[in-house]
Amino acid sequence: MEPAVPNGTRRRVERATAASVGFLDLDPSTDYYLSVFAVDGGRQQLPAGKQCSTLAAPANPDAPACSAVTDNSITLRWDSDAGVDRWYVARDVPGSSYTDGSPLESTTLAKQFTGLSPNTAYRFLFWWKASSGDEWVQVQPSTRCTTTGPATSPAPPTCGAVTADSVTLNRAANPGVYQWYVGRATVPDTATATASRAHVGGRTLGSATLEMAFDGLSPNTAYQFYFWWKPSAAGAWARVVPDVTCTTAALAAYPTPPVCGTATSSSVDLRWVANASASRWHIARPGPAGALADSRLLEARTLSAAFAALSPSTSYTFPLWWQASSTSDWEQARPHRTCTTRAAATTQVSTTCSTTSKYCATKGVYDAVLRAARKAITSPTGAPCSQTQLTATGRSQITQNMLASMMLAIPAWELNGGDTSRALSPMTLSRGDNMVNRTSDSNNIELYSHMSLGGYKQAHWNPGVGLWQLDNFTEPDAQVDALKHGHAERADVDKGGYEVAKLIRYKYCEGDLVFGRWFACSNSRCQSTHNARYAASTDSIRVETISELADPTGGTRQRLCRWGSAGTEMVCYLFDLSLQEGHALDCCEAGTTYPSDYTGSYNPYTPEAAPFISFTDTETSADFSTKYAVWPRSWP
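Figured I'd write up the structure that's included with this text. Starting afresh in each chain, residues are numbered from 1 along the sequence in its written order. Local features are withheld for residues below a pLDDT of 70 in this predicted model, meaning they are given only at 70 or higher, and side-chain atom pairs are given and counted only at 80 or more; totals for whole chains, interfaces and linings count all residues. Only heavy atoms go into the side-chain values, all of them from the structure, while hydrogens and water stay out.

Bringing the sheet that holds strand β24 (residues 292–299) into the picture now. For two strands to pair, DSSP has to find at least two bridges joining them. Helix and strand definitions follow DSSP, with helices as H or I runs of at least four residues and strands as E runs of at least two, each counted in order from the N terminus. Read across the open sheet, the four strands follow the order β24-β23-β26-β27; overall the sheet is antiparallel. Because the sheet does not close on itself, it has two edges, and the strands there are β24 and β27 (330–340). Across the sheet, the axes of successive neighbouring strands diverge by a mean angle of 20 degrees, strand direction being ignored. Where strand β26 (residues 315–323) meets β27, eight bridges bridge the pair, whose relative direction is antiparallel. Pairing of Phe318 across the sheet is with Arg337, part of β27. The convention used is that axes are lines fitted to C-alpha atoms, helices contributing only their stretch in contact, and that angles between N-to-C directions extend from 0 to 180 degrees.

Structure representation (structure tokens):
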């Protein structure tokens, strides 16, 4: 095929076998007369030649304009044009060609360039074409834009919410800040402490983060915080001056009375809050004729006591004394606390709810899940999703109830095969772990001491603990504590549940798979359970609670133990399934139970553990801790 020629000049077409013929490279706004010839031994012109006119050429589009200019980004915008099929825009590189170029559809009327340097002039090149077969035409003149200069040094953050063990720092928004770095000093301001950005709790934060919380601090103590900032990804870090010093709040001048914890028909647990004024505690219960019974003298770090051999449905008053030093007088924390034992029950409290269309939970578990969810998304310890995250993921803002519902969906599958009719216990230990070295007569041998059963089928380690079967995993970016603690911390919903809440919040806000850490949640099982029991339109959870069971640990008991040759007294925890609150399976399959003398020859699940004491020993000579599970030969 050859191009047609204007002004009546004939040009031959060698052969056309198709039903249509196209002519290219014609001039705009020009008339052409087209004739068709039949060739069959000789050439014969067919009647009805046709005169056609090409369209006028589109006007050259205007160059784009600079828009939304910051210290590290520039956005170009331009007007639409009916004669344009495609655009092409790029950034000029002096001494080279151009970069960041990309073809754009005719409907695209803006492009952003990021990662630029502050206070720098940039030249942008712009092309267009009228159709896919046309050549690119460059728009003249090119567009020049200059980024803004670096922001002035931001003002230092200020001390916000302060408690006895935490400090929250607040800062004002600053468009010139690309990233923050904040760290807590380990020593007073010295060259060693300030020469680098490496401090306790040091973290790099995005420009949208306006609150930074530090916890685990000591009461009534001044802490110094250092800050750096930079204006762009390629910019240099600059230190904010002056540094910020915040002082934690002092503990109450006088200890507060204990609170009633878990109660059975024959026992009561009491707990109280640490206080710097107390060097020792003394707690007891009044006996006959006002005499003290079951009196306890406790160290300052001991914050609970359990009283047993009590009568059902009976109120007991427990006075608590404290002593500032070994030579000080004893003083009472008032008012005294009165706790009541439960009524004697002929049957255990049912852990089954009336429906499967709601979550089923003990009151202690549900309340603790709500507390953990609230703590994970509110200051000073947490935060909801940032606007940048919501824009990037397209997800709605996370709420306390949404997060709590996602937390409750996991145990249903991790422990109970998706059944939501039973209230599960945080005391649940282990799941079905198929160990590599299991043989026909030694189940999960790697869970046992020295990889030997030694005749004790019910004395073994539990790789999964609590409602979420927490192992010792570490999440990237330190979003989750390594859960270096023992059984008690992982079974306590206020502690282990908070770590789970932080992980789920992080995954949700980042647009990741929320339930990806739990194998049982594969195939969208947990997501479906959450969707069916959480109403986003009203931000509400469908849940039924068992109000008689109020312990967030599921029935674990805090005790005092001595370990090793030194015999130093320490806090330890009793795990006894006979004291459980809720339904405690020993593995992940619904309805799986084993007799206490289990000796089966082959089964992929570990047998139910006998009652044991759990504690964590922190080494003083190295940066690690050791977790222990001890099965005493007899109980006091």
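Continuing now.
Next up on the list: the nonpolar core. What makes a nonpolar core is a set of buried Ala, Val, Leu, Ile, Met, Phe, Trp, Tyr and Cys residues whose side-chain atoms join them at distances within 4.5 Å. Burial classes: relative accessible area under 20% of the type maximum marks a residue as buried, over 50% as exposed, and values in between as partly exposed (1.4 Å probe, protein chains only). If you look at the biggest cluster of nonpolar residues, it comprises 43 residues, and the most contacted ones within it are Leu403, Met406, Met407 and Trp468. Secondary structure elements with two or more residues in this core: β28 (359–362), α2 (363–377), α4 (400–414) and α6 (496–510). Counting residues per element, this core draws most heavily on α2, at nine residues. We call two residues contacting when some pair of their heavy atoms lies within 4.5 Å. In contact with Trp468, not counting residues within four places along its chain, are Val369, Met407, Ile410, Pro411, Val493, Gly497, Val500 and Trp518. Core analysis: the next-biggest nonpolar cluster, separate from the first, contains 17 residues, Trp272, Phe318, Ala333 and Cys339 among them.

With that settled, the discussion passes to α6. Helix length check: α6 (15 residues) gives 22 Å between terminal C-alpha atoms against 21 Å at 1.5 Å per residue, within 8%. Counting buried positions along α6 gives 13 out of 15 residues, so the element sits mostly inside the fold. Backbone geometry just downstream of α6 places Gly511 in the positive-phi region, at approximately 80 degrees. Multiplying 1.5 Å by the helix residue count minus one yields the expected span of that helix.

Turning our attention to the pairing of strand β23 (residues 280–286). Among the seven residues of β23, five are classified as buried, and the element is accordingly described as predominantly covered. Relative to β24, β23 is paired through six bridges, and the arrangement is antiparallel. By the bridge assignment for β24, Pro286 is matched with Leu292. In the sheet, β23 pairs with β26 via four bridges, with the strands oriented antiparallel. Each bridged residue has a counterpart across the sheet, and for Ile283 the counterpart in β26 is Leu320.

We describe a pair of aromatic rings using the distance from one ring centre to the other and the angle between the two ring planes. Geometry of aromatic contacts follows a simple scheme: Phe, Tyr and Trp rings, the Trp one being its six-membered ring, pair when their centres are within 6.5 Å, and the pair is stacked under 30 degrees between planes, edge-to-face over 60, tilted otherwise. Counted under the stated rule, the structure contains 16 aromatic pairs. On the basis of an interplanar angle of 70 degrees and a centroid distance of 5.6 Å, the ring pair of Tyr88 and Trp127 is categorised as edge-to-face. Residue Tyr88 is located in strand β7 (residues 86–92), and its partner Trp127 is located in strand β10 (residues 121–129); the two are separated by 39 residues in the primary sequence. Our definition puts a charge over a ring when NZ of Lys or CZ of Arg is within 6 Å of the ring centre and also within 35 degrees of the ring normal. The positively charged end of Arg296 is found above the aromatic ring belonging to Phe307, 4.3 Å away from the centroid. The ring of Tyr508 has Arg395 sitting right over it, with the charged end atom 5.0 Å from the ring centre.

The amide bond that connects Gln140 to the next residue, Pro141, takes the cis arrangement and shows omega of 0 degrees. With omega at 0 degrees, the peptide bond leading from Val241 into Pro242 counts as cis. Following the sequence through the fold, Pro242 ends up in the loop between β19 (238–239) and β20 (244–247). Of note in the backbone geometry, Gln469 takes a positive phi value of approximately 50 degrees without being a glycine. Structurally, the position occupied by Gln469 is in the loop between α4 and α5 (487–491).

With 15 residues, α2 ought to run about 21 Å at 1.5 Å a step, and its terminal C-alpha atoms sit 22 Å apart, in line with that. Of the positions making up α2, those classed as buried are Gly364, Val365, Tyr366, Ala368, Val369, Leu370, Ala372, Ala373, Ala376 and Ile377. Tucked into the core, α2 has its buried residues touching β28, α4, α6, β30 (540–541) and β31 (543–546).

Criterion for a disulfide: a pair of cysteine sulfur atoms at a distance within 2.5 Å. Tallied over the full model, the rule gives six disulfides. The disulfide partner of Cys385 is Cys509, and the S-S distance across this bridge is 2.0 Å. Residues Cys385 and Cys509 are joined through a disulfide that is left-handed, its torsion about the S-S bond being -80 degrees. Here Cys385 is found in the loop between α2 and α3 (387–393), whereas its partner Cys509 is found in helix α6, with 124 residues between them in sequence. Across this residue pair, the class does not change: Cys385 and Cys509 are buried.

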